[in-house]
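Per-entry structural report
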Amino acid sequence: MDLGPYFLLATLEGLLMAAVLALTALGLSLVFGVMRVVNVAHGEFYMLGAVSAWWVASLVAQAGISSPAIAFAAALLVAPPIAGVVALAAERLILRRLDYRPEPTIVATIGLLYMIQQGVLTLFGPDARPVRAPFDLRLDLYWFGWSGYKLAVIVFAIVLIVVARWVLVNTRAGLIMRATEIDTEMARALGGIDTRRVYAGVFTLGAMLAALAAVLIVPIQQAHYLMGLDPLLLSFVVVIVGGLGSLRGTLVAALLIGLSDGIVSVFFAPTLAKILATLLVALVLVFRPQGLYGEAPR
Amino acid sequence: MRKRSDDHPADPSDTCAAADAVPVAGDASAPSPTRRRLLGGAAAAGALATLPLGAFRSGHLHGATDEPFRLGFQAHRTGIGATYGRWYERVANAAVTYVNESGGIGGRPVELVVEDDGTDPKRGAEVVEKFATLHDVELVFGPLFSNVVIASAARAGNLKLPYFVCSEGHHVASGLLNRWTVQPGITDVKSQVIAMAPWVSDNLGKKVTMIVPDYAFGYDHRDNFTAAMAARGGEVIEVIAIPPTETSFTKYLPRIPRRTEVVYHVMVGPAVLTFVKEMGEFFGRNRPEIFGFIDSLEGVDLANPGLESLVGSHFWEGMPRYAFGSEADTFYRGRIGVDDDGASVDDPADISTYGHMFSVWETLMVIRRGMQESGYTDKKDRRALIETVEGFETFEEGEEHPQGTKTFNGRTHQAFGRQFVTRLDETEGGTGTRLEVVHTTSIEDGLYEDEVDYTTRDF
Amino acid sequence: MSVVAPTGDAASTRGSRGVRLAVHAAVPVAIALLYPLLPDYHQGNVVRILLLAVYASGYNLLFGYTGLLSLGHALYLGAGLYGAGLGTTALGLDPLLAWLLGVALAATLALAVGALALRTTGVAFMIVTMMFAQAGYLSILHWNRFTGGDEGFVVPTVRRVAGFALDLGEPDVRLVIALVLYSLALGICYALVRGDVGRVWLALRDDEERVELLGHDPFRHKLLAFVVSGVLAGAAGGAYALLFGYVGATFATIQYSILALLWVLVGGAATVLGPLLGTALMFYLVDILSGYTAAWLFAVGAVLVALVLVAPRGVLGTLRHRFRWSWLP
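About the cut-offs
- Residues numbered from 1 in each chain as written.
- Chains lettered and ligands numbered in written order.
- Predicted model: local features only at pLDDT ≥ 70, side-chain atom pairs only at ≥ 80, totals over all residues.
- Helix = DSSP H or I, 4+ residues; strand = E, 2+ residues; numbered from the N terminus.
- Buried ≥ 20, exposed ≤ 12 C-beta atoms within 10 Å, placed from the backbone.
- Contact = placed C-beta atoms within 7 Å.
- Rg over C-alpha atoms; globule rule 2.2 N^0.38 Å.
- Nonpolar A, V, L, I, M, F, W, Y, C, P; charged D, E, K, R; others polar.
- Axes fitted to C-alpha atoms, helices over the stretch in contact; angles between N-to-C directions.
- Pairing = 2+ DSSP bridges.
- Expected span 1.5 Å × (residues − 1).
- pLDDT = per-residue confidence, 0-100.
- Core = buried A, V, L, I, M, F, W, Y, C linked by C-beta atoms within 7 Å.
- Right-handed = clockwise from strand over helix to strand, strands pointing away.
- Parallel < 35°, antiparallel > 145°, perpendicular 65-115°, else oblique.
- Left-handed = near helix turned anticlockwise from the far one by under 90°.

Observations regarding the overall build of chain C
Of regular secondary structure, chain C possesses 14 helices and 4 strands. Out of the 329 residues in chain C, the part that is buried amounts to 60%. Sequence separation of 24 or more characterises 76% of the internal contacts of chain C that already satisfy a separation of 6 or more.

Here you go:
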């Protein structure tokens, strides 16, 4: 393919990847940003969302409804709460008792990862399963075809980020979250904020956002019980490169990493491209450890 | 929730398996965990603290000649290979049932001891050692993934344990492994590929672009197909090696040169369906010929949306997923509980890894023949077992070898058999799709010169 | 991170110092004495656990004592593995030299990566180390002509050592090598932790500014921890390749980085013997549970959660805290 169209494709795929990264990292940006908690099971909530989406879709199909749009809508409504319930249970029974101390939380969330992963393997099976996109549309762009649904994902991502930002800035809940993030002690002492409830809420919300991202993304991938690892790692990279506590940073980092991944792959062999992209991220952090929009270390 | 299929085909001789009589540290009776088993496992974990280490079996009974032969089965129950592992274990159990029904091995029943290697090479080597020292099995068979096989075979060689792999990797016949490791149940990748090249060149096109995973399995395809195409007047004009665990492929598709006549694909992993869908979206109506290995779609339901673009394209199949009319195939399907569309009889949405899993069945049959013909009675006969197997030349098509007749090369420890080319057609009435056999290769099509002579190596 | 640090000199008398030393020296001795009593299978496991504990012990110096969470130590484990493996198969080196090559390779990589990564701290450090390790893993895959890529390659264990034919894979030989290596690692960790270096590390973990004010160079001390942990990882990896006969890319994946963290946390971070305990516990947890159910991973996860609720500082760490064993380094 000529370079021009190749670039176009790479850019489209890069935007898509940026959208996927942004959606996946959004939940972590909240959890990590507000609570500074390393949730190793974040990817598993994402996976739960995808797997639940498949389950809901198959239930809808079994009920005789053949419209993939309805199945998809049902998945959007049901899958995030499923992940939310699991997250809330984990938060109540485990994380709260550990007082969110960093090291025990890491062990606990690793244990949680194992449990969720194996639980899904047992109940869902080892096979990768597809979920139909709500609509089937192939965009004929002359040199190549592209999925119309992928375009929709990019739009979804933008909408979701805008909504998230609006909530953080304009609502009381958002204000409470930001206050807790900036200074937990102060928030509790001066604001009378019940930080424990905030933590529970944020953790659950983070899981639900991850699941929501997965429902949006799964029609272009598959639901598979091991699919949580990549989103976990990528989310952390995006959030940290973007700068902790900065939603804008998360977004910009997602954009940069997604686009560069697409474009670098035009010029280099795939694995080599990945090596270069990985080193690039490392070097960005080495020379700017606070990330793109984080506060500079004092 | 999706119903977990009962992986025991309804079989009156179930009770034959001696597995029930003797406690084993390995779950032989129900390969797929159910919720009940899950809770049982958690409860067992709680009771663990009270168990002394000596509770584990380390010796075996002496005496009685109808004491069962304990054979180790290394399964990818979890990890990236779980899709295959689940079916491999099912076939292994069915094969053991069949063997026990037809007299066992030399009159002694077979008992399967199963360990999960998690599709992890380190763990694979550990369970091989566990098989040899703790479970005290006669031999081990079963694993599929190359990296696990290589790590495990290294240990098996050191432990002087007969190790029958069901992996289709070229690592056995290449001389990389040891004299204790044998692959008698399935043809290796090199042979499959060179058998396909002539047909592809003659029927689909001379200019091929290959899309393969970026590791040894992919390179075996790349190297052997390139050479074989050149020998037939064709040419591989581009190779796109995709990193493993990649989940999105569209960005690589522009690398396919415009003058490509055939796109050759063999992808593995959970993302294969994405790959096929994206290929369809990318090309639309005017696509080049597509030739793929069924690996790209093992365990995947062809009725899935997004696969319409594959109609009319061709596949290599080790054993055709859709019943192709052979008596042996019909018999075998009945025993393992798979219907004529390659799905589980308990769940038509549960597609088997039909193209590869026959290797497990046939391997056990070779093991039986080897043990019987060598007069195997216990572990001192392990070496004799290998030497006897090295003398085998032919495995005839039939109940024991449903995939087809094979020749066995005792020097390279590798079996060779026929390969199938199938085409994805719409069924009459347009109700779905089906893979139809369009070409069957001969065994000779896949032969190549020996690269090793294990019989000259030490044990 | 609020682990109670051993208060060193204030509590140590000649007697308690002797007790400390004796307890630690006794561990390898106890293993050596216990070993012949074990069934064959467990003998093999002891060797594996010892080698992996060397890896974990090194990691503990950086994470437990210095407070730096690296998610990329599988890179050095892999460097040791490939150095020793390729040294044997490609360069024809004898086992000791091949192993030293692996250690040297790990040390060099640790020095290079450490110099860059230590410009960051906290979560950025986590990601940077992870990225370098990921690049290393992908490089192993990319240059597979030399490395064997994902499949890996076999390393012969029967070697000529000092004129004798020796099978390094033979059980008793393996044990001697593993025990010697672990004892060395134990000794190094103990000495460093009990010495001035260890005190600075602990101080760095708790309050870096104060360390600088007191005249120590934080960067050099952190780099020392980083390199020593990399060296120990490489030593473990090299030995693993030579004793078990296989080298493959799997050992360089992120899972193996996370395992080191897990083993240290379970056994007790900032305790010298914690890593050995953690490695052994996790090994047997997986081994025993996988014999009972295919869903063993769930059980392992449940046990981890239970463990962390009961012993949030890891087994030894919690014991030390609960019973005020400040003498346990």
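Things to note about the overall build of chain A
Of regular secondary structure, chain A possesses 11 helices and 2 strands. Shown N-terminal to C-terminal, the secondary structure of chain A runs as helices and strands in the order α-α-α-α-β-β-α-α-α-α-α-α-α. In terms of overall dimensions, chain A is globule-like: its C-alpha atoms have a radius of gyration of 19 Å, near the 19 Å expected for 298 residues. Each principal axis of the C-alpha atoms in chain A carries an extent, and together these give about 60 × 50 × 35 Å. Sorting the 298 residues of chain A into buried and exposed places 59% on the buried side. The contacts of chain A with a sequence gap of at least 6 include a subset with a gap of at least 24, amounting to 78%.

Focus: the interface of chain B and chain C
Chain B puts 39 residues into the contact, and the matching count from chain C is 35 residues. For the side of chain B that touches chain C, the elements supplying multiple residues, two or more each, are helix H1 (35-47), helix H3 (121-135) and helix H4 (146-159) of chain B. Considering each element in turn, the side of chain B that touches chain C owes the most residues, 8 residues, to H3(B). Of the residues that constitute the side of chain B that touches chain C, the class distribution is 19 nonpolar, 9 polar and 11 charged.

Comments concerning the packing of helix H3 (residues 74-89) of chain C against helix H5 (residues 122-142) of chain C
All names here are of chain C. It is at 8 Å that the axes of H3 and H5 come closest, and there the two elements cross at 35°. Contact residues: Ala74, Leu75 and Gly78 in H3; Phe132, Ala133, Gly136 and Ile140 in H5. Tallied by class, the residues present in the contact of H3 with H5 amount to 5 nonpolar, 2 polar and no charged.

Side note on the sheet that holds strand S15 (residues 414-417) of chain B
All names here are of chain B. The 3 strands lie next to each other as S13-S14-S15, forming an open sheet whose pairing is antiparallel. Two strands lie at the open edges of the sheet, namely strand S13 (394-395) and S15, each paired on one side alone. Relative to strand S14 (residues 406-409), S13 runs antiparallel, the two sharing 2 bridges. Within S14, the position partnered with Thr394 by the bridge is Thr407.

Here we look at unusual backbone geometry
Residues and elements named next belong to chain B. Even without being a glycine, Thr119 presents a positive backbone phi close to 50°. Mapped onto the elements of the fold, Thr119 is located in the loop between strand S2 (110-116) and H3. Residue Thr119 is classed as buried on the basis of its C-beta count, with 23 C-beta atoms lying within 10 Å.

Some thoughts on the sheet that holds strand S7 (residues 235-242) of chain B
All names here are of chain B. If you trace the 7 strands from one edge of the open sheet to the other, you get S7-S6-S8-S9-S10-S16-S17, paired in mixed fashion. Whereas interior strands pair on both sides, the edge strands pair on one side only; in this sheet they are S7 and strand S17 (433-440). Going across the sheet, the axis of each strand differs from the next one's by a mean of 25°, ignoring polarity. In this sheet, strand S8 (residues 262-265) lies alongside strand S6 (residues 207-213) in parallel orientation, the contact comprising 4 bridges. Each residue of the ladder has a partner; that of Met210, found in S8, is Tyr264.

Comments concerning helix H9 (residues 229-242) of chain A
Compared with the 20 Å implied by 1.5 Å per residue over 14 residues, the 20 Å span of H9(A) between its first and last C-alpha is a close match. Of all the 14 residues making up H9(A), 11 are buried; the element is thus mostly covered by neighbouring parts of the structure. Turning to H9(A), its buried residues are A:Pro231, A:Leu232, A:Leu234, A:Ser235, A:Phe236, A:Val237, A:Val238, A:Val239, A:Ile240, A:Val241 and A:Gly242. Considering only its buried residues, H9(A) is in contact with helix H1 (3-35), helix H2 (42-62), helix H10 (247-267) and helix H11 (270-287) of chain A together with H5 of chain C.

Details of the pairing of S17(B)
Residues and elements named next belong to chain B. Two elements, strand S16 (residues 420-426) and S17, share 7 bridges in a ladder whose sense is antiparallel. Bridging from a neighbouring strand, Glu426 pairs with Thr433 of S17. Where S16 hands over to S17, the hairpin turn is made up of 6 residues, of which Gly429 adopts a positive phi near 85°.

Looking at the environment of B:Lys207
All names here are of chain B. In this fold, Lys207 is placed in strand S6. The exposure class assigned to Lys207 is partly exposed, which follows from the 17 C-beta atoms found within 10 Å. With 27 residues separating them in the primary sequence, Lys207 and Gly234 have C-alpha atoms 6.1 Å apart.

Observations regarding H5(C)
Over its 21 residues, H5(C) runs 30 Å from end to end, which matches the ideal 30 Å to within 8%, given 1.5 Å per residue. When you tally the buried positions in H5(C), you get 19 out of 21 residues, the bulk of the element.

Observations regarding the confidence of the model for chain A
Summing up the model confidence of chain A, the mean pLDDT is 87 and the portion of residues at 70 or higher is 97%. Mean pLDDT per element in chain A: helix H7 (residues 184-191) of chain A is the minimum at 69, and H2(A) is the maximum at 94.

Things to note about the interface of chain B and chain A
Interfaces are often sized by the amount of accessible area the parts lose when they come together. Each partner contributes residues to the interface: chain B has 31 residues there, and chain A has 34 residues. Where the side of chain B that touches chain A is concerned, the elements lending two or more residues are helix H2 (82-101), S7 and helix H7 (272-283) of chain B. Of the residues belonging to the side of chain B that touches chain A, the class tally is 16 nonpolar, 10 polar and 5 charged.

Some details on the confidence of the model for chain C
Interpretation of the predicted coordinates at a detailed level should be avoided for regions scoring low in pLDDT. Residue and element names in this part refer to chain C. For chain C, per-residue confidence averages 89 on the pLDDT scale, and residues scoring 70 or more make up 95% of the total. Here residues 1-11 is modelled with pLDDT under 50, and outside its nearest four sequence neighbours on either side it reaches 19 contacts, counting other chains as well. Quick note on the complex model: pTM equals 0.86, ipTM equals 0.86.

Points about the environment of A:Leu232
Residue and element names in this part refer to chain A. Here Leu232 lies in helix H9. Residue classification places Leu232 among the buried positions, given that 23 C-beta atoms sit within 10 Å. Sequence separation between Leu232 and Ser29 is 203 residues; the distance between their C-alpha atoms is 12 Å. Those residues in contact with Leu232 that sit more than four places away from it in its chain are His42 and Gly43.

Section: the nonpolar core
Ranked by internal contacts, the top residues of the largest apolar core, which has 373 residues, are A:Ala53 and A:Ala211. If you tally residues by element for this core, the top one is H1(A), at 19 residues.

Observations concerning the pairing of S8(B)
Residues and elements named next belong to chain B. Side chains of S8 alternate between two faces, with Val262 and Tyr264 and Val263 and His265 buried alike. When S8 meets strand S9 (residues 289-293), the two strands line up parallel, connected through 4 bridges. Looking at S9, one finds that Val263 is bridged to Ile290. Regarding the hand of the β-α-β motif, the stretch spanning S8, H7 and S9 is right-handed.

Section: the packing of H9(A) against H10(A)
All names here are of chain A. Where H9 meets H10, the axes come as close as 7 Å, and the angle between the chain directions of the two elements is 120°. Overall, the two elements H9 and H10 adopt an arrangement that is oblique. Two packed elements cross with a definite hand, and for H9 against H10 that hand is right-handed. The residues of H10 that touch H9, namely those facing Val238, Val239, Val241 and Gly242, are Gly249, Thr250, Val252, Ala253, Ala254 and Ile257.

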